[in-house]
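# Structural features, examined
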Amino acid sequence: MSDLDLVMQRLTMRGHRITETRRRVLDVLVSMPAHFTVDDVLRQLPDVGRATVFRMMKLLQDLNVVCRVLMEDGSLHYRLSTRGHHHHLVCRDCGKVEDFSNCDVSSLVQQLAASTEYEIEGHWLEVYGRCSTCRALEGTAVGA
Ligand SMILES: [Zn+2]
Ligand SMILES: [Zn+2]
Ligand SMILES: [Zn+2]
């Protein structure tokens, strides 16, 4: 099943109609690079309103088919992803994003909940660094 089919299946299973606009936004989303901004989507769909695209992205997040990545420069990107709770490893040089799901934050969250009496509803963790490709490239540049 393609990404597009999967997303449409989840939408209809939750009782959302696939309107013409939604279909067009979805077509653009699956053609995007590994991660993208709402502005990237809007550039492909000049006649679709910004609020419409934001609502759609929120809906897709709720359906667990899109996740958000906070880039090191503070810009918010989106990424098609059907995995559940996970975090990102972001290369600050080439912008590559990798997922990781071994989330060791749970014990910290439990401690926090116990010590502050908060009902903890979520957390966000991105890890920034430089990927092995970028590090290798730098190595050759220095050596040359
Ligand atoms: Zn993700
Ligand atoms: Zn890199
Ligand atoms: Zn986590």
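Our subject is the structure listed above.
Just so it is clear, the structure is predicted and the values come from calculations on it, not from any experiment.

## Some words on helix α2 (residues 20–31)
Taking 1.5 Å per residue as the helical rise, α2 with its 12 residues ought to reach 16 Å, and the 17 Å between its terminal C-alpha atoms agrees with that figure. All of the buried residues in α2 are Val-25, Leu-26, Val-28 and Leu-29. The buried residues of α2 occupy an angular sector of 165 degrees when projected down its axis, which confines them to one face. Seen from the buried face of α2, the exposed residues on the opposite side, beyond 90 degrees, are Glu-20 and Ser-31. The inward-facing, buried residues of α2 contact α1 (3–13), α3 (38–44), α4 (50–62) and β2 (76–80).

## Focus on α1
Of the residues making up α1, those classed as buried are Leu-4, Val-7, Met-8 and Leu-11. For α1, the angular spread of buried residues about the axis comes to 95 degrees, placing them on one side. Structurally, α1 contributes buried residues whose contacts are with α2 and α4. Just downstream of α1 lies Gly-15, where phi reads positive at about 85 degrees.

## Description of the coordination of the zinc ion (ligand 3)
Those donors, His-85 (NE2), His-87 (NE2), Cys-103 (SG) and His-123 (NE2), are the protein atoms that reach the zinc ion (ligand 3), and they lie 2.0 to 2.1 Å from it. Between the 4 donor atoms coordinating the zinc ion (ligand 3), the angles at the centre fall across 98 to 123 degrees, so the site counts as tetrahedral. When the donors of the zinc ion (ligand 3) are listed by position in the chain, the intervening gaps give H-x1-H-x15-C-x19-H. Note that His-85 is positioned in the loop between β2 and β3 (87–91) and His-123 in the loop between α5 (106–116) and β5 (126–129), a separation of 38 residues in sequence. On the basis of relative accessible area, His-85 is assigned to the partly exposed category, the value being 47%.

What counts and what doesn't
- Residues numbered from 1 in each chain as written.
- Chains lettered and ligands numbered in written order.
- Predicted model: local features only at pLDDT ≥ 70, side-chain atom pairs only at ≥ 80, totals over all residues.
- Heavy atoms only, no water.
- Helix = DSSP H or I, 4+ residues; strand = E, 2+ residues; numbered from the N terminus.
- Expected span 1.5 Å × (residues − 1).
- Buried < 20%, exposed > 50% of the residue type's maximum accessible area, 1.4 Å probe, protein only.
- Arc of directions from axis to C-beta.
- Contact = heavy atoms within 4.5 Å.
- Donors = N, O, S within 2.8 Å, 3.2 Å for Na, K, Ca; no water.
- Tetrahedral: all angles 85-135°; square planar, octahedral: opposite > 155°, others 65-115°.

Treat this as a map of the structure, not an account of what it does.
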